[in-house]
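# Working through the structure, step by step
Below are the chains, spelled out letter by letter.
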Amino acid sequence: MVFLGLKTFAQKGIFILYMSLWIGFGLLNQLAKTQHIEFNGATAVLLQSILKIVLSTYLFIRQDGPPKRLLAQAAEHRRVFLLYAIPASLYAAYDILSYVNLRRLDPPTYFLLLQLRLAV
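Residues numbered from 1 in each chain as written. Predicted model: local features only at pLDDT ≥ 70, side-chain atom pairs only at ≥ 80, totals over all residues. Heavy atoms only, no water.

### What to know about helix α5 (residues 107–119)
Under the convention used in this document: Numbering of helices and strands runs from the N terminus; a helix is a DSSP stretch of H or I covering at least four residues, while a strand is a stretch of E covering at least two. By this rule the span expected of a helix is its residue count minus one, scaled by 1.5 Å. Using a 1.4 Å probe on the protein chains alone, a residue whose accessible area is under 20% of its type maximum counts as buried, one over 50% counts as exposed, and one in between counts as partly exposed. Taking the helix axis as origin, the arc is that swept by the directions to the C-beta atoms. Any two residues whose heavy atoms approach within 4.5 Å are treated as being in contact.
Across its 13 residues, α5 extends 19 Å between first and last C-alpha, which sits within 8% of the 18 Å expected from 1.5 Å per residue. Here α5 has its buried residues at P107, Y110, F111 and L114. The buried residues of α5 occupy an angular sector of 95 degrees when projected down its axis, which confines them to one face. Opposite the packed face of α5, turned more than 90 degrees from it, sit the exposed residues P108, L112 and A119. Those residues of α5 hidden inside the fold are in contact with α1 (9–34) and α4 (78–104).

See the structure below:
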């Protein structure tokens with residue numbers, strides 16, 4: 001029997017990593033709130049986005065070729081690139097709002113309300 005459709009070791013590892021990072025996100029925000037550590041959520045999202053771009057570029061170079069090819073494909077498929085920018089910017093705004101919400105709510109309440117959106 002396959003658990004959650006995760007067949008390979010890599011799929012299971014990525015799932016566990018994703019869940020660990022998601023839980024750590026809430027716990028670190030709660031720690032920052034209880035320790036009165038002030039930080040800007042937009043800066044945190046910007047740093048996360050830069051890290052994602054760097055990792056994505058690394059994976060592209062590793063699997064598909066040199067950075068020149070990446071730039072050539074982005075130029076060739078400019079329309080698609082711009083269409084992907086719309087949901088990407090909305091996702092970044094969502095990330096900023098999640099930092100704001102976690103500063104105001106405790107993690108269990110936040111995650112409960114987050115999952116409640118699936119029921120509505």
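### As for a nonpolar patch on the surface
As a reminder, the rule being used: What makes a patch is a set of residues exposed beyond 30% relative accessible area and free of salt bridges, joined within 9 Å when like-charged and within 5 Å when nonpolar (Val, Leu, Ile, Met, Phe, Trp, Tyr). Using the Shrake-Rupley algorithm and a 1.4 Å probe, accessible areas are obtained, with residue cover drawn only from the displayed protein chains. By definition, a salt bridge exists where a carboxyl oxygen of Asp or Glu is found within 4 Å of a side-chain nitrogen of Lys or Arg.
Residues F3, L4, F15, I16, Y18, M19, I23 and L27 make up a contiguous nonpolar surface patch of about 850 Å² in total accessible area. Look at F15 and you get partly exposed, because its relative accessible area is 31%.

### Let's talk about the environment of L97
Position of L97 relative to the elements: it lies in helix α4. A C-alpha to C-alpha distance of 8.9 Å links L97 and A42, two positions 55 residues apart in sequence.

### Observations regarding the side chain of D95
Inclusion rule: The charged-residue count follows a simple rule in which Lys and Arg add positive charge and Asp and Glu add negative charge, with His and chain termini not counted at all.
One can find D95 in helix α4. K52 provides the closest opposite charge to the buried, unpaired D95, separated from it by 4.0 Å. In contact with D95, not counting residues within four places along its chain, are V45, Q48 and K52.

### Remarks on the nonpolar core
Let me state the cut-off plainly: By nonpolar core is meant a set of buried Ala, Val, Leu, Ile, Met, Phe, Trp, Tyr and Cys residues that side-chain atoms within 4.5 Å join together.
F25, A44, V45, Y99, L102, Y110, F111 and L114 together form the largest nonpolar core, which totals 8 residues. For this core, the secondary structure elements donating two or more residues are α2 (41–64), α4 and α5. Counting residues per element, this core draws most heavily on α5, at 3 residues. Beyond its immediate stretch of four places on either side in the chain, V45 contacts A92, D95, I96 and Y99.

### Some thoughts on unusual backbone geometry
At H36, a position not held by glycine, the phi torsion is positive, near 60 degrees. What makes H36 exposed here is its relative accessible area of 68%.

### Observations regarding the packing of α2 against helix α3 (residues 67–76)
Our working definition: Throughout, an axis means a line fitted to C-alpha atoms (over the contacting stretch in the case of helices), and angles, computed between N-to-C directions, take values from 0 to 180 degrees. We call two directions roughly parallel when the angle between them is under 35 degrees, roughly antiparallel when it is over 145, roughly perpendicular when it lies between 65 and 115, and oblique otherwise. In the scheme used here, Gly and all other residues not listed as nonpolar or charged are polar, with Ala, Val, Leu, Ile, Met, Phe, Trp, Tyr, Cys and Pro taken as nonpolar and Asp, Glu, Lys and Arg as charged.
Relative orientation of the contacting elements α2 and α3 amounts to 105 degrees, with a least axis distance of 9 Å. In terms of their interaxial angle, α2 and α3 are classed as roughly perpendicular. Taken together, the residues of α3 that come into contact with α2 (itself represented by T57, F60, I61 and D64) are P67, R69, L70 and Q73. When the residues that make up the contact of α2 with α3 are grouped by side-chain class, the tally is 4 nonpolar, 2 polar and 2 charged.

### A look at the packing of aromatic side chains
Short version of the rule: Think of it this way: a Phe, Tyr or Trp ring, Trp meaning its six-membered ring, pairs with another when their centres are within 6.5 Å, and the plane angle makes it stacked under 30 degrees, edge-to-face over 60, tilted otherwise.
Per the counting criterion, the structure on display carries 1 aromatic pair. Each ring, one from Y91 and one from Y94, has its centre 6.2 Å from the other, and the planes form 25 degrees; the classification is stacked. Of the two residues, Y91 and Y94 are both situated in helix α4; the distance of 3 residues between them amounts to about one turn of the helix. Overall, Y91 belongs to the partly exposed group, its relative accessible area being 45%. Classification of Y94 by relative accessible area gives partly exposed; the value is 30%.

Shape descriptors only; they carry no functional weight alone.
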